[in-house]
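Each chain, letter by letter, is given below.
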Amino acid sequence: MSQVILILNGPNLNLLGQREPDIYGRTSLEDIRGLATARAESHGLKADFRQSNEEGELVSWVQGARSAAAGIVINAAAYTHTSVAILDALLACGVPVIEVHLSNIFKREEFRHHSFVSRAATGVICGFGAQGYELAVDAMAQLLKSPKPA
Ligand code: CA2
């Protein structure tokens, strides 16, 4: 059976393509689901792609990955910068984590420069728009073939 990559998306990412196209582009989250799923399949992996506006739901999905997924790709959106709960869940999940952002958070406001998620991530991809999800899936496929030390 194929290994599963859990791809998690945080609050407001359901609005992608409909608002603020100058920052986040015109690609919808459904388009990104399609891109990430196809890229996972090209590596013989399955993508389980989800979005939630609720912190607790994201925490529960991260907890579930221990038994259901080989790795997590996460764009925690605004919770990136605020959520110790998501960080603690990621630190405990026992599978590799890759953090992704559509925008280059380091070119933006100061409050976006700090990420709690990064402490649990093997690596971070930001600033490449929707393509960042494909890059993250490629990186996860590589990690699953030859794991890196934490
Ligand atoms: O660049 C990213 O991927 C972010 O994770 C996006 C978050 C932001 O809080 C992070 O600092 C960086 C915001 C997602 C909200 O997405 C929207 C999309 C369209 C319209 C409004 C919000």
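The rules behind these values
Residues numbered from 1 in each chain as written. Predicted model: local features only at pLDDT ≥ 70, side-chain atom pairs only at ≥ 80, totals over all residues. Heavy atoms only, no water. Salt bridge = Lys/Arg side-chain N within 4 Å of Asp/Glu carboxyl O. Helix = DSSP H or I, 4+ residues; strand = E, 2+ residues; numbered from the N terminus. Buried < 20%, exposed > 50% of the residue type's maximum accessible area, 1.4 Å probe, protein only. Pairing = 2+ DSSP bridges. Right-handed = clockwise from strand over helix to strand, strands pointing away. 1 Å grid on protein atoms, 1.4 Å probe; cavity = no way out; pocket = protein on both sides within 12 Å on 5 of 7 lines; lining within 4 Å. Points joined across faces, edges and corners; volume = space filled by probe spheres on them. Nonpolar A, V, L, I, M, F, W, Y, C, P; charged D, E, K, R; others polar. Axes fitted to C-alpha atoms, helices over the stretch in contact; angles between N-to-C directions. Parallel < 35°, antiparallel > 145°, perpendicular 65-115°, else oblique. Contact = heavy atoms within 4.5 Å.

(A) Fine view of the pattern of salt bridges. Within this structure, the stated rule accounts for six salt bridges. Asp138 is the partner of Arg39 in a salt bridge, and the nearest nitrogen-oxygen pair spans 2.6 Å. Here Asp138 lies in helix α5 (residues 131-145) and Arg39 lies in helix α2 (residues 29-42), a separation of 99 residues in the sequence. What makes Asp138 partly exposed here is its relative accessible area of 24%. Between Arg108 and Glu109 there is a salt bridge, and its shortest N-O distance comes to 3.8 Å. With relative accessibility at 35%, the residue Glu109 sits in the partly exposed group.

(B) Layout of the pairing of strand β3 (residues 71-75). Of all five residues in β3, five are buried, a share of seventy percent or more. The side-chain alternation of β3 yields two buried faces, one formed by Gly71, Val73 and Asn75 and the other by Ile72 and Ile74. Pairing of β3 with strand β4 (residues 97-101) involves three bridges; the strand directions are parallel. By the bridge assignment, Ile74 is partnered in β4 with Glu99. Note that the unit made of β3, helix α4 (residues 84-92) and β4 has a crossover that is right-handed.

(C) Representation of the layout of surface pockets. Taken as a whole, the largest pocket spans an internal volume of roughly 410 Å³. Lining the largest pocket are 19 residues, and of these Pro11, Asn12, Leu13, Tyr24 and Ala77 lie nearest its centre. Among the residues making up the lining of the largest pocket, the classes are represented as 10 nonpolar, five polar and four charged.

(D) Main features of the packing of helix α3 (residues 55-68) against α4. Taken N-terminus to C-terminus, the directions of α3 and α4 make an angle of 5°; their axes are 9 Å apart at the nearest point. Taken together, α3 and α4 sit at an angle that is classed as roughly parallel. Residues Glu55, Leu58, Val59, Val62 and Arg66 of α3 touch α4, and the partners they reach there are Ala85, Ile86, Ala89, Leu90 and Ala92. For the contact of α3 with α4, a count of residues per class yields eight nonpolar, no polar and two charged.

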